[in-house]
Amino acid sequence: MNEIGSEFWTGSTKCGGSGVAHLLPAGYDARYVLSGRTALDLIISDAQKTRTIKKAYLPSYCCHTMIEPFVTHAIAIEFYDVIYSSKGIEPIFNDTNDCDIVLLLDYFGFINCETHEFASEQHKKGKLIVCDFTHSLFNLKMEYSCCDYIFGSFRKWFGVSAGFCAKRNIWNDFPHLSVNRTYMDLRRNAFDLKQKFIAGEAVNKSIFLEMFDRAERMLETDYKIYTFDEQEKALLCQGDVDFIRKVRRENAKALISNLLKIDDPDIHIPFNMVREDECPLFIPIFIQKEKRGKLRDYLIREQIYLPIHWPVSPMHSLNKHTSEIYDMELSCICDQRYTIRDMERISDGVKGYLKVC
């Protein structure tokens, strides 16, 4: 039985396509960088050249890597609540916030019209609008008109170590970016070892898992002013975007259909369909806090590895309502490495756990 989930590996995504360049928005000055966090740091630095930024408006539901660059630049943080409700994952915006810069995203690639309306309103008030398009990079249609900056990470979608940042106007004095060779080589070697493991060779799994973990720790403290090398650029130019989009959409639809058939009050599916313009990154499910860890452990025994988005850090500021989403969320894999049968394995695994819990 093959594994489902965890890191990508060398050759895990079909090449031979037109590459990712056409995913980047027309009319924007786009630059390739090492990671989403690198991109956000460059965006903040650029914005501070032309205006004073005292406070940023960030979602309460986010990765700490989205908070840290603002803290590093001595910018105060105000969080807008993001909760799990009957609407799914629901942002609660304050139209009268006094922030200078607003950070927005569409969770897991599912388009939220209220988010885009809020972005437009805030833009009219003179706020800087920054959009994290990591989750929605492969969507068929994306709105850019009111975004001053856009950024994202490709490594969440296939086996590369790369991101981008884009500005609606031309970048002023964009810095020279160097290659983080140590990080790149470490990730690449881990990809190669995992490929051998997946192929059935005698590889100690703990070795490449530790390498991936070491690379993540490295990026925690050393991510600024970096890009990637020509080998990584070639992967971006060869990635089969149409294939990735097609398989993810098919898998997501099948997975949602199967999960919705589970009749259990403890399991909730926030997104019950995939619209024509959407290409999901993951399919999130919500389960009671005390059962999530047990479900995850059960699925691991079935060789299904589902991530949690996201761990809570000291930089987060949560209340009773906003902490629930962190306690209950589990991300179901739907990417292009897998088949419809694999989606059935995931839903069958959830059903199997509920039968014995």
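Use the structure listed above.
Residues numbered from 1 in each chain as written. Predicted model: local features only at pLDDT ≥ 70, side-chain atom pairs only at ≥ 80, totals over all residues. Heavy atoms only, no water.

Undergrad: Explanation requested: the pattern of salt bridges in the structure shown.
TA: Pairing of side chains with opposite charge becomes possible as their charged atoms draw close. For the coordinates displayed, the defined rule picks out 29 salt bridges. Here Arg245 makes a salt bridge to Asp242, at a shortest N to O gap of 4.0 Å. Of this pair, Arg245 and Asp242 both sit in helix H7 (residues 241-260), 3 residues apart, which is roughly one turn of the helix. On the basis of relative accessibility, which here comes to 12%, the residue Arg245 falls in the buried class. (Salt bridge = Lys/Arg side-chain N within 4 Å of Asp/Glu carboxyl O. Helix = DSSP H or I, 4+ residues; strand = E, 2+ residues; numbered from the N terminus. Buried < 20%, exposed > 50% of the residue type's maximum accessible area, 1.4 Å probe, protein only.)

Undergrad: Help me understand the packing of helix H8 (residues 289-301) against helix H10 (residues 340-356) in this model?
TA: To describe two helices that pack against each other, one gives the angle between their axes and the distance between the axes. Contact geometry of H8 with H10 gives a least axis separation of 10 Å together with a crossing angle of 120°. Here H10 runs oblique to H8, going by the angle between their axes. The element H8 and its partner H10 pack so that their crossing is right-handed. Residues Lys291, Lys294, Leu295, Tyr298 and Leu299 of H8 form the contact with H10, whose participating residues are Ile346, Gly349, Val350, Gly352, Tyr353 and Val356. (Axes fitted to C-alpha atoms, helices over the stretch in contact; angles between N-to-C directions. Parallel < 35°, antiparallel > 145°, perpendicular 65-115°, else oblique. Left-handed = near helix turned anticlockwise from the far one by under 90°. Contact = heavy atoms within 4.5 Å.)

Undergrad: For this particular structure, what's the right way to read the packing of aromatic side chains?
TA: The way to describe two aromatic rings as a pair is by their centre distance and the angle between their planes. For the structure shown, the criterion picks out 19 aromatic pairs. Relative to Tyr326, the ring of Tyr61 lies with its centre 5.3 Å away and its plane at 85°, an arrangement referred to as edge-to-face. In this pair, Tyr61 is assigned in the loop between strand S3 (55-59) and helix H2 (64-72) and Tyr326 in helix H9 (residues 320-328), connecting sequence segments 265 residues apart. Take Tyr61: its relative accessible area is 0%, and that puts it in the buried class. Residue class for Tyr326 comes out buried when judged on its relative accessible area of 2%. (Phe/Tyr/Trp six-rings, centres within 6.5 Å; stacked < 30°, edge-to-face > 60°.)

Undergrad: How should the packing of H7 against H10 be read in this particular structure?
TA: Their axes nearest at 9 Å, the elements H7 and H10 cross at an angle of 25°. Of the possible angle classes, the one that applies to H7 and H10 is roughly parallel. Of the two possible hands of crossing, H7 and H10 adopt the one that is right-handed. Side by side, H7 and H10 meet where Glu250, Asn251, Ala254, Leu255, Asn258 and Leu259 of the first sit next to Ile340, Met343, Glu344, Ile346, Ser347, Val350 and Lys351 of the second. Class assignment for the residues of the contact of H7 with H10 results in 7 nonpolar, 3 polar and 3 charged. (Nonpolar A, V, L, I, M, F, W, Y, C, P; charged D, E, K, R; others polar.)

Undergrad: Looking at this structure, how should I read the layout of surface pockets?
TA: Space left empty within the atom packing is revealed by a probe, the size of a water molecule, rolled over the atoms. The computed volume of the largest pocket comes to approximately 1,400 Å³. Around the largest pocket sit 43 residues that line it, and Glu7, Arg155, Lys156, Glu216 and His309 are the ones nearest its centre. Looking at the lining of the largest pocket, the elements that each hand over two or more residues are helix H1 (36-47), H2, strand S8 (149-153), helix H5 (205-221) and H8. Tallying contributions element by element places H5 first for the lining of the largest pocket, with 8 residues. Its residues placed into classes, the lining of the largest pocket shows 18 nonpolar, 9 polar and 16 charged. In this structure, the second largest pocket occupies an estimated 430 Å³ of space. Lining the second largest pocket we find 24 residues, and of these Lys87, Ile111, Asn112, Phe271 and Arg275 sit closest to its centre. Contributions of two or more residues to the lining of the second largest pocket are made by strand S4 (76-85), strand S5 (88-92) and helix H3 (113-124). Per element, the largest residue contribution to the lining of the second largest pocket is 4 residues, and it comes from S5. (1 Å grid on protein atoms, 1.4 Å probe; cavity = no way out; pocket = protein on both sides within 12 Å on 5 of 7 lines; lining within 4 Å. Points joined across faces, edges and corners; volume = space filled by probe spheres on them.)

Undergrad: Can you help me understand the side chain of Asp46 in this one?
TA: Within the fold, Asp46 resides in helix H1. Using a relative accessible area of 4% as the deciding quantity, one classes Asp46 as buried. Setting aside residues up to four positions removed in sequence, Asp46 forms contacts with Tyr149, Lys167, Trp171 and Asn172.

Undergrad: Would you mind going over the sheet that holds strand S12 (residues 267-268) with me for this structure?
TA: Sheets are built from strands paired through backbone hydrogen bonds, the pairs being either parallel or antiparallel. In spatial order, the strands read S12-S13-S15; together these 3 strands make up an open sheet with antiparallel pairing. The strands lining the two open edges of the sheet, one partner per strand, are S12 and strand S15 (329-332). With 4 bridges connecting them, strand S13 (residues 283-287) and S15 associate as antiparallel partners. Following the sheet pairing, Pro284 is matched in S15 by Ser331. (Pairing = 2+ DSSP bridges.)

Undergrad: Just checking my understanding: could you explain the side chain of Ser331 for this structure?
TA: Residue position: Ser331 is located in strand S15. Since its relative accessible area comes to 0%, Ser331 is described here as buried. Of the polar contacts made by the side chain of Ser331, one reaches the side chain of Glu329; its length is 2.5 Å. (Polar contact = N/O pair within 3.5 Å; in protein donor to acceptor, adjacent residues only side chain to side chain.)

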